[in-house]
Amino acid sequence: MKDVRVRFAPSPTGGLHIGGIRTALYNYLLARQNKGTMILRIEDTDQGRFVPGAEEYIIDSLKWAGIQIDEGQSVGGPYAPYRQSERKEIYKVYAQQLVTDGHAYYAFDTEQDLEAMREKLKSQGADNQQYGITTRMQMRNSLALSETEVSSLMNSGAPYVIRFKVPENVEVKVNDLIRGEVVVNSNQVDDKVLMKSDGMPTYHLANVVDDYLMKISHVIRGEEWLPSAPLHVLLYKYFGWEKEMPQFAHLPLLLKPDGNGKLSKRDADKMGFPIFPRNWTDPKTGELSKGYKESGYLPEALINFLVFLGWNPGTTQEIFSMEELIRTFSIERIGKAGAKFDISKAQWFNQQYLRAKSNEELADYLLTSLSKENIKCSKDMAAKVCGAMKERVTFPQEFWEHGKFFFQAPKEFEQSVISKKWNDDAVKVLAAYRAEVLTLTVFNAEIAKASLEKVTASLNIGTGKILQALRVSITGQGSGPDLMLAMEIIGKEETCSRINYALDTLKPTV
Ligand code: GLU
């Protein structure tokens, strides 16, 4: 088999859509599995859509996601430069070669000419208004104009593009590793512009030339590029590179959660989840879009979530490390059907990855939040808090957000709990319990529980009836982690002082 050389080829037109990370991931897995090469190529030939900062953003996002680039923009390599705008001269030679061989031609049509053609075709009821086999001879190009007209236009410096000359009525076969053989009649393909009037190649020319020159073995990209594949196959043919043509794999679309249409930034914004891997600020509008990273997603969890959007291992295993994915991944197991983007699944993965960490590892997240709040805490204590909270959090920042009460005694109490559960019995038990706890020399979760049971038994009040009242006086809330463990962590003194405060502040309401 040929050396596996794959490329991720984003255009720096803004924040990198999360689907781009999935495309990069699939490429990366194939490269690693085959001891191949993962290449990053920046496709920035569309100067009108260039967004400053986007390239750096892409590079940093891949790094954060754990997708390593072996060759390409940011790391260099034998086929540099890897930024297409710096390869302008290379494409010119190839475009010229196609013209010389009769597979491409010069076109001088202005925007108005093109508009007039479309209008005319529309008024004649034509199905499509493409510049191609049926229309090219009525246009201002080197096929329709005389040689003298063409050279005088050229000499006068008239702007021109180079268009591909699509052959008439041939079956173009695209072998796709996911979709099988896709056959398209060339009459469906239009005479795409290969070289623009500013001397820049279009995506199609640059992409094919670079994939050839960079010895790409597999082109793995989104389904939106499938309609371009027949044109690319024809280009390989006319360049005489058929043997070197990469294998294609067009990945299924990422769909909205309800499966109705492609997932867009707008949908994600509306539904309140990120679309970009990291925070992205649009340099034009200044709009900040929150990223997965800053929302608290762990890169391992995001990768695990993304890999399942289109691929499945054929088993029930769900948790996969990058190493396991490298071993298990296969293009054959990528489906054709669009993948529904279910953010709750991403959250589930995040929970799984958080739970799998040791309390000591998790403590670092909490310590980071605490230092922002200027709260001092030992690593040991932070680890204990995280241990108690672990099963209840989805994101690292929640150790602090939901666990503030470990560090700050509640000053307010959840009203709905108070109105239902704070009654004479609760007050009686809590006062007795506080007195009991004060006598203890050793205090931990087990002893806290045994003492509570002793007190409730002696007062003949069910423990279950007053537990919420105790919880609310310790934490301020009606739900939270194991209460006995929480009391052990804050300690005997603090437990008593909180019960005291609650008894002083709250009056029985029932
Ligand atoms: N530059 C294209 C993009 O932005 C790459 C498509 C391809 O991989 O061929 O998605």
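It should be emphasised that the depicted structure is a prediction, and the values quoted were computed from it without experimental measurement.

1. Some thoughts on the overall build of the chain
Right, on to step 1. A tally of regular secondary structure across the chain gives 21 helices and 14 strands.
Right, on to step 2. A globule of 510 residues ought to have a C-alpha radius of gyration of about 24 Å, yet the chain, at 32 Å, is considerably larger.
Right, on to step 3. For the chain, the C-alpha atoms occupy an extent of roughly 110 × 50 × 40 Å along the three principal directions.
Right, on to step 4. Out of the 510 residues in the chain, the part that is buried amounts to 50%.
Right, on to step 5. Counted over contacts in the chain with a minimum sequence separation of 6, partners at least 24 positions apart contribute 72%.
Right, on to step 6. Summed over its atoms, the accessible surface of the chain is roughly 24000 Å², and 49% of this surface lies on carbon and sulfur atoms.

2. A closer look at the site of the ligand
Right, on to step 1. Looking at the ligand, the residues that line it are R7, A9, S11, E43, Y203, N207, R221 and W225.
Right, on to step 2. A distance of 2.8 Å is found between a nitrogen atom of the ligand and a backbone nitrogen or oxygen belonging to A9.
Right, on to step 3. When isolated, the ligand has an accessible area of 300 Å², and the protein chains bury 83% of it.
Right, on to step 4. Taken together, the residues that form the shell around the ligand break down as three nonpolar, two polar and three charged.

3. Topic: the pattern of salt bridges
Right, on to step 1. Counted by the stated rule, this structure contains 28 salt bridges.
Right, on to step 2. Here D113 and R140 are joined by a salt bridge, their closest N and O atoms 3.6 Å apart. With D113 in helix 4 (residues 111-123) and R140 in the loop between helix 4 and helix 5 (147-155), this pair connects stretches of sequence that are 27 residues apart.
Right, on to step 3. Judged by its relative accessible area of 24%, D113 falls in the partly exposed class.
Right, on to step 4. Bridged by salt links that share partners, the residues R7, R41, E43, R87, D210 and D211 form one connected network.

4. With respect to helix 7 (residues 229-239)
Count 3.6 residues to each turn of an α-helix, and residues three or four apart come out pointing the same way.
Right, on to step 1. Of all eleven residues making up helix 7, ten are buried, and the element is well covered by its neighbours.
Right, on to step 2. Among all positions of helix 7, only A229, P230, L231, H232, V233, L234, L235, Y236, Y238 and F239 are buried.
Right, on to step 3. Positive phi appears at G240, one or two residues downstream of helix 7, with a value of about 80°.

5. Looking at the nonpolar core
Right, on to step 1. Membership of the largest hydrophobic core comes to 111 residues, with the highest contact counts inside it found for I67, F341, F406 and L470.
Right, on to step 2. Of all the elements, helix 1 (residues 18-33) adds the most residues to this core, at nine residues.
Right, on to step 3. For F406, the residues in contact, after removing those within four places along its chain, are M381, V385, A388, M389, P481, A486, I489, I490 and R498.
Right, on to step 4. Membership of the second largest hydrophobic core comes to 41 residues, among which are A95, V172, V184 and A229.

6. Quick notes on the side chain of R22
Right, on to step 1. Positionally, R22 belongs in helix 1.
Right, on to step 2. In this structure R22 is buried but unpaired, with E224 as the nearest side chain of opposite charge at 6.6 Å.
Right, on to step 3. Side-chain polar atoms of R22 contact the backbone oxygen of P252, separated by 2.6 Å.

7. Section: unusual backbone geometry
Right, on to step 1. Backbone torsion omega between A80 and P81 reads -5°, so that peptide bond is classified as cis.
Right, on to step 2. Topologically, P81 is positioned in the loop between strand 3 (71-72) and helix 3 (88-100).
Right, on to step 3. Of note, N169 is a non-glycine position whose phi angle comes to about 50°, a positive value.
Right, on to step 4. Relative to the helices and strands, N169 resides in the loop between strand 5 (161-164) and strand 6 (171-176).
Right, on to step 5. In this model, N374 sits at a positive phi of 60°, which is unusual for a non-glycine residue.
Right, on to step 6. When you line up the elements, N374 lands in the loop between helix 13 (359-372) and helix 14 (379-389).
Right, on to step 7. Judged by its relative accessible area of 71%, N374 falls in the exposed class.

8. Focus: the state of the cysteines
One way to say it: the disulfide is the covalent bond shared by the sulfur atoms of two cysteines.
Right, on to step 1. Counting across every chain of the model gives zero disulfides.
Right, on to step 2. With no disulfide of its own, C386 lies 8.6 Å from the sulfur of C377, the closest cysteine sulfur.

9. Thoughts on the packing of aromatic side chains
Right, on to step 1. By the definition in use, this model includes 24 aromatic pairs.
Right, on to step 2. Ring geometry for Y57 and W280: centres 5.0 Å apart, planes at 70°, overall edge-to-face. In this pair, Y57 is assigned in helix 2 (residues 54-65) and W280 in strand 12 (residues 280-281), connecting sequence segments 223 residues apart.
Right, on to step 3. Here the aromatic rings of F413 and Y501 are separated by 6.1 Å at their centres, their planes lie at 35°, and the arrangement is tilted. Taken together, the residues span a long stretch of sequence, with F413 in the loop between helix 15 (398-401) and helix 16 (415-421) and Y501 in helix 21 (residues 492-505) at a distance of 88 residues.
Right, on to step 4. Since its relative accessible area comes to 31%, Y501 is described here as partly exposed.
Right, on to step 5. The lysine or arginine in question, R163, covers the ring of Y131, its NZ or CZ lying 3.7 Å from the ring centre.
Right, on to step 6. A cation over a ring is seen here: K411 above Y501, with NZ or CZ 4.6 Å from the ring centre.

10. Let's talk about the environment of N141
Right, on to step 1. Assignment of secondary structure puts N141 in the loop between helix 4 and helix 5.
Right, on to step 2. Once the C-alpha coordinates of N141 and M381 are considered, the two residues, 240 residues apart in sequence, prove to be 77 Å apart.
Right, on to step 3. Setting aside anything within four residues of it in sequence, one finds N141 in contact with Y105, Y106, A107, F108, Y131 and R136.
Right, on to step 4. Polar contacts involving the side chain of N141 include one to the main-chain carbonyl oxygen of R136, which spans 2.8 Å.

11. Focus: helix 12 (residues 343-355)
Right, on to step 1. In this model, helix 12 (13 residues) spans 19 Å end to end at C-alpha, consistent with the 18 Å of a helix rising 1.5 Å per residue.
Right, on to step 2. Taken as a whole, helix 12 has its buried residues at I343, A346, F349, N350, Y353 and L354. Buried residues of helix 12, seen end-on, are gathered within an arc of 135° and therefore sit on one face of the element.
Right, on to step 3. In this fold, the buried residues of helix 12 make contact with helix 9 (292-295), helix 10 (299-307) and helix 13.

12. A few points about the sheet that holds strand 8 (residues 193-195)
Right, on to step 1. With antiparallel pairing, three strands are arranged side by side in an open sheet as 4-5-8. Lying at the two open borders of the sheet, with one neighbouring strand each, are strand 4 (104-107) and strand 8. Direction aside, the axes of adjacent strands within the sheet are offset by 45° on average.
Right, on to step 2. Looking at chain direction, strand 4 and strand 5 are connected through four bridges and run antiparallel. Among the inter-strand pairings, A107 is bridged to a residue of strand 5, identified as V161.

What counts, and where the lines are drawn
Residues numbered from 1 in each chain as written. Predicted model: local features only at pLDDT ≥ 70, side-chain atom pairs only at ≥ 80, totals over all residues. Heavy atoms only, no water. Helix = DSSP H or I, 4+ residues; strand = E, 2+ residues; numbered from the N terminus. Rg over C-alpha atoms; globule rule 2.2 N^0.38 Å. Buried < 20%, exposed > 50% of the residue type's maximum accessible area, 1.4 Å probe, protein only. Contact = heavy atoms within 4.5 Å. Areas by Shrake-Rupley, 256 points an atom, 1.4 Å probe, with all protein chains shown as cover. Near = heavy atom within 4 Å. Polar contact = N/O pair within 3.5 Å; in protein donor to acceptor, adjacent residues only side chain to side chain. Nonpolar A, V, L, I, M, F, W, Y, C, P; charged D, E, K, R; others polar. Salt bridge = Lys/Arg side-chain N within 4 Å of Asp/Glu carboxyl O. Core = buried A, V, L, I, M, F, W, Y, C linked by side-chain atoms within 4.5 Å. Lys, Arg positive; Asp, Glu negative; His and termini not counted. Disulfide = S-S within 2.5 Å. Phe/Tyr/Trp six-rings, centres within 6.5 Å; stacked < 30°, edge-to-face > 60°. Lys NZ or Arg CZ within 6 Å of the ring centre and 35° of its normal. Expected span 1.5 Å × (residues − 1). Arc of directions from axis to C-beta. Pairing = 2+ DSSP bridges. Axes fitted to C-alpha atoms, helices over the stretch in contact; angles between N-to-C directions.

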